[in-house]
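Below are the chains, spelled out letter by letter.
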Amino acid sequence: MLLLPLSGAPQSLVNSLKNHCRMSLVEKLYKRFPDGEQYIRINSDVKNDGVVVVQSLYPEQDSKLVELYLALEALEGLGLTNAELIVPYMAYSRQDKRFLVGEPISAKAVYLPLRLFNIKRVLTLDIHSPKIPEIIGLAIKNILPHSYMVEKAGIEVDFVLAPDKGALHRAQALAESLRKPFDYLEKYRDRVTGEIRVSTRELGVKNMRVAIVDDIVSTGGTLAKATQTLYSLEANKVYAIITHALISEKTLQTLSTSGLDVLITTNSITQPSALPTWIRVVDVGELLCHELKSATK
Ligand code: R5P
């Protein structure tokens, strides 16, 4: 089995997949033309080996998607008809419906071309909505990593909270694996201004160590509101277990003033080398490799 990491694949994840799955790398040439267009050439003989393509779609979501499609077409041109694909972070997944009239279903628009390729399997981590595979019309194996993240981070959790109803399936899965109670908050996001409101109710979290579970932190607004709500209900500690941390300087500011104790995330995307000590990144290479191996048995 060969590994073809594209430019969005975090180096730490590539190293980990290579080690855990004992794969060697496909040789390739990648460049940009002076006008900005991307070029890729596969230089390995891939026809008789399985190839696992890894591409994460952040940052520069659009160019990472184009690079992925170029690589898949190049592999088909070499006669490979059973590439496996790992897309740890699937961008554009949050727009999985027309929230406002006139909007596109972005998840459908950007992933439809995947159906044109002979892909044996697509693996992803914590896709925003479990409905997306059906929207795209493609079988996608979605791995929820939160219990693995909690185990690797070595934290003790008494209560699990989804910051909105859409994250309830994540909170339920983690709570069941930890055998702890769970609940969710009612979140309202103004689709025009982006402003977030959370309705507060009694959650029974007094003196508890609470894990907020979600797929994405982006502006940090959702997480900050949930953290403040938990402290207003006298939680003892608040941890965030968030698969994909798309964080900017502004996000860091929002989160550091919210009182959040620890943010645990993964190497689903490339993280900055210098992160504050309250952010921990869990390597998910072993988890993905386990899934790859178990499906090929
Ligand atoms: C929304 O439904 C998602 O699951 C996340 O809660 C959201 O994307 C987080 O975004 P932000 O950090 O900008 O509030």
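Everything here concerns the structure above.
These numbers come from a predicted model, not from an experiment. In this convention, every chain numbers its residues from 1, walking through the sequence in written order. Local features in a predicted model are, by the rule used here, given only for residues with pLDDT of at least 70; side-chain atom pairs are given and counted only at 80 or more, and totals for whole chains, interfaces and linings are based on all residues. Side-chain measures here rest on the full set of heavy atoms in the structure, leaving out hydrogens and waters.

A. Examining the sheet that holds strand S9 (residues 159–162) more closely. Here, strands pair whenever DSSP counts at least two bridges between them. Each helix is a run of H or I in the DSSP string that is no shorter than four residues. Each strand is a run of E no shorter than two, and both are numbered from the N terminus. Spatial strand order, S10-S9-S13-S14-S15-S16: six strands in an open sheet with parallel pairing. Strands with a single pairing partner mark the edges of an open sheet, and in this sheet they are strand S10 (182–184) and strand S16 (279–282). Sheet twist, expressed as the average angle between the axes of neighbouring strands with direction ignored, equals 25°. Here the axes come from fitting lines to C-alpha atoms, over the contacting stretch only for helices, and the angles between their N-to-C directions go from 0 to 180 degrees.

B. Representation of the packing of aromatic side chains in the model. Note on aromatic pairs: the rings of Phe, Tyr and Trp (six-membered ring only in Trp) are paired at centre separations within 6.5 Å, and the planes decide the class, stacked below 30 degrees, edge-to-face beyond 60, tilted for the rest. The final tally for this structure, using the stated rule, is three aromatic pairs. The aromatic ring of Tyr-39 is capped on one face by Lys-31, whose charged end is 5.0 Å from the ring centroid. In this analysis the charged atom, NZ for Lys or CZ for Arg, is taken to sit over a ring once it is within 6 Å of the ring centre and within 35 degrees of the ring normal. Across from the ring centre of Phe-99, 3.7 Å away, lies the NZ or CZ of Arg-191, which sits over that ring.

C. Just the state of the cysteines, in detail. For this text, the term disulfide refers to a pair of cysteine sulfurs within 2.5 Å. Per the counting criterion, the structure on display carries one disulfide. Each sulfur in the disulfide pair Cys-21 and Cys-289 lies 1.9 Å from the other. Its torsion about the S-S bond being 125°, the disulfide of Cys-21 and Cys-289 is classed as right-handed. Note that Cys-21 is positioned in helix H1 (residues 11–21) and Cys-289 in helix H9 (residues 285–296), a separation of 268 residues in sequence.

D. Just the side chain of Asp-158, in detail. Relative to the elements of secondary structure, Asp-158 occurs in the loop between helix H5 (146–153) and S9. Three exposure classes are used, based on accessible area relative to the maximum for each residue type with a 1.4 Å probe and protein chains only: buried under 20%, partly exposed in between, and exposed over 50%. Note on Asp-158: relative accessible area 17%, which makes it buried.

E. Just the pairing of strand S14 (residues 237–245), in detail. Burial runs high along S14: eight of the nine residues are buried. Sheet topology note: the strand S13 (residues 209–217)/S14 ladder contains eight bridges and is parallel. Counterpart to Ile-212 in the pairing with S14 is Ala-240. Taken together, S13, helix H7 (residues 221–232) and S14 form a β-α-β motif whose crossover is right-handed. Strand direction decides the pairing type here: S14 and strand S15 (residues 262–266), joined by three bridges, are parallel. Here the term right-handed applies to a crossover when the path leading from its first strand over the helix to its second strand runs clockwise, the strands being oriented away from the viewer.

F. Fine view of the packing of H5 against helix H6 (residues 168–178). Axis separation between H5 and H6 bottoms out at 9 Å; the angle between their running directions is 50°. The angle between H5 and H6 falls in the class oblique. Note on element contacts: H6 touches H5 through Arg-170, Leu-174, Ser-177 and Leu-178, opposite His-146, Ser-147 and Val-150. Taken together, the residues of the contact of H5 with H6 break down into three nonpolar, three polar and one charged. When describing relative orientation, an angle under 35 degrees is termed roughly parallel and one over 145 degrees roughly antiparallel, while 65 to 115 degrees is termed roughly perpendicular and anything else oblique. The contact criterion used is simple: two residues touch if any of their non-hydrogen atoms lie within 4.5 Å. Three residue categories are used. Nonpolar comprises Ala, Val, Leu, Ile, Met, Phe, Trp, Tyr, Cys and Pro, charged comprises Asp, Glu, Lys and Arg, and polar comprises the others, including Gly.

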